[in-house]
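Notes for the structure review
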Amino acid sequence: MTTTIPVFSPLSLWTTVRSVGTFNLACSLAALWAFVKFSKTLRWRLKTTQLRGPPRTSFIYGVAQDLMSSLDTAEIYGRWATEYGVAYMIPTVLGQRQVVLCDPRAIAHFHARETWTYVHTPFAVARLEAVFGRGLLWAQGEVHRRQRKALTPAFSNAAIRKLTSVFYDSAYKVKSAWDTVIESSQDAGAIIEVQNWMNHVSLDTVGIAGFSHDFGSLDGKRSSVTEVFDSSGNNNQQVSAANKILFLLASAFPIIIKIPSKRTNLTEKLSVTMGEISNELLIRSRREKNVDMSGRDEEKSVIGLLVKSESQNTELHMSEEEVVAQMKVLLFAGYETTSISLTWALIELSLHPDVQTSLREELLAFGPDPTYDQLKANLPYLDAVVHEILRLHPPIGEFTRLAAADDVIPLSEPVRTESGEMTDSISIAKGTSITISAAAINRSPAIWGPDAKEFKPSRWLTEDGITAKAKEVQGHKHLLTFSDGPRACLGKDFAIMEFKAVLSVLVKSFVFEMRDGLDTKVEIVRGFFPRPRVVGEDDIGVPLRVRRYE
């Protein structure tokens, strides 16, 4: 019997050794990752106050899937606050936990430390950069401070005062168009889908006011930017289960947002289109500056300040990449946020005809179109209606940040911890995620009183209409709609003045009613921002019956 002894070639021996080495290396890396993960988790548990909160409904997703599927996350956050207190923890993706703050004192502490102690999550950083580039929304810390300082003069009271006529011009374009629609109708009024009109009001206004460019969307002009904005606003079809799963997992693994999908394709198209129009406007403005722009008011406009910042060697210098990113942010914000608020205003006024009548009476009694200063101070009921809309329907409902350092957050009232002890402050370890629901705070009965969820502009007209607890909320008019601290919305006054000017013209000119009566139901649909939609309509349909006020 002959025994065969296998003979290994040098190549096969090297392959075997290398494969064993690769396997050992992989095992070592996995063990190192597990050790680091365990160490971080242990440190987090030891240094973070463990709070009570809802149980996980999914082993993988915690309660994240419930929140993503909900059409009113503010209601869920509010219910949990009632059950667990003004600060609690929720289980999220892959065993992670987030702290949710519903306490005015805690939120004020948080906002004062934003961009430094509390920063964007890696998921938010990746997503914001993918859509807008490295502009003001993306920036943090010193970069954020520099960019914001460079843009601030464009949003001063003096700058916005000069833009009031632009707001009115857009409003009267809508009035003229609607007059034509009503004239061609055989009835006393016409059914008008108002949300797309409000989108175009906002887009044309920010184009002229910010960049000295008329997109012409109110005149029916079509361009790449209006088409992509309209498609993004109408992208409210059911998201596939696979896309939902990818989006949830992206909070743990941000690289996932680069996987091609319908959502990422739309985001990329939006980013590219905004980049193209921004570059076109920037080239035109540079050319105009070279001809003669020194010392003129244009340097206080958004586009003027951006062009100026490119050539500065001071701390306010911005690179071309940063300048284009700012333009993309302002274009997008101009399209989305004010248009959402205007649409909600027309809905609420249609559902509350008594409020609509009172507002119209104030506006007609005042007479001609109010100036900037008069819009700001001389129309209390208009101011009340606008701020009640902003309270009930903030365009950005919630946000999440990551603790970049250990911190201790004070509370205005004690909460019970997981162990049953009471505490009036919570320790936060570096790496902790913190969520604040602006919508939940704005509509909290514990803060705003038992009528907090009602549309009630009269609350703003008397000193005791705003509860003592609501007055503890630090933010514009005690609201979190525009955030607060270093990240408070830079365009707040711009948005409010545009909102007031457009709404005043429309309410003086027309009477608004729900097409199907006062029992019409309105739901929230998810686009880039949550938008209203009449139940049963496609996309973002908000059809109202509009007739001239005689």
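If you're wondering where the values come from, they're calculated on a predicted model, not measured in any experiment. (Residues numbered from 1 in each chain as written. Predicted model: local features only at pLDDT ≥ 70, side-chain atom pairs only at ≥ 80, totals over all residues. Heavy atoms only, no water.)

**Considerations on the environment of Ile540**
Condition: Secondary structure elements are taken from DSSP: a helix is a run of H or I of four residues or more, a strand is a run of E of two residues or more, and numbering for both begins at the N terminus. Buried residues are those whose accessible area, probed at 1.4 Å on protein chains only, stays under 20% of the maximum for their type, while exposed residues exceed 50% and partly exposed ones sit between those limits.
Position of Ile540 among the secondary structure elements: in the loop between strand S11 (530-534) and strand S12 (543-548). By relative accessible area, which is 2% here, Ile540 ends up buried. It is 7.5 Å that separates the C-alpha atoms of Ile540 and Val525, two residues lying 15 residues apart in sequence.

**A look at the packing of helix H14 (residues 353-366) against helix H19 (residues 492-509)**
Keep this limit in mind: Each axis is a line fitted through C-alpha atoms, taken for helices only over the stretch in contact, and angles between the N-to-C directions span 0 to 180 degrees. Comment on the angle field: the value is read as roughly parallel under 35 degrees, roughly antiparallel over 145, roughly perpendicular from 65 to 115, and oblique elsewhere. The criterion used for residue contact is that any of the two residues' heavy atoms lie within 4.5 Å. Gly is placed with the polar residues, together with every amino acid not listed as nonpolar (Ala, Val, Leu, Ile, Met, Phe, Trp, Tyr, Cys and Pro) or charged (Asp, Glu, Lys and Arg).
Between H14 and H19, the least distance of the axes is 9 Å, while the angle of their chain directions is 100°. In terms of orientation, H14 lies roughly perpendicular with respect to H19. Contact residues: Gln356, Leu359, Arg360, Leu363 and Leu364 in H14; Leu503, Ser504, Val507 and Lys508 in H19. Looking at the contact of H14 with H19, its residues break down into five nonpolar, two polar and two charged.

**Some details on the sheet that holds strand S4 (residues 189-193)**
Test applied: Criterion used throughout: strands pair if DSSP finds at least two bridges between them.
If you walk across this open sheet you meet the three strands as S4-S12-S9, and the pairing is antiparallel. Each edge of the sheet is formed by a strand with only one pairing partner; in this case those strands are S4 and strand S9 (510-514). Between one strand axis and the next, the sheet turns by 35° as a mean value, whatever way the strands run. In terms of strand pairing, S9 meets S12 through five bridges, oriented antiparallel. Across the sheet, the residue bridging to Met514 is Leu544, located in S12. Sitting on the sheet, H19 touches S9 and S12, and the angle it makes with S9 is about 90°.

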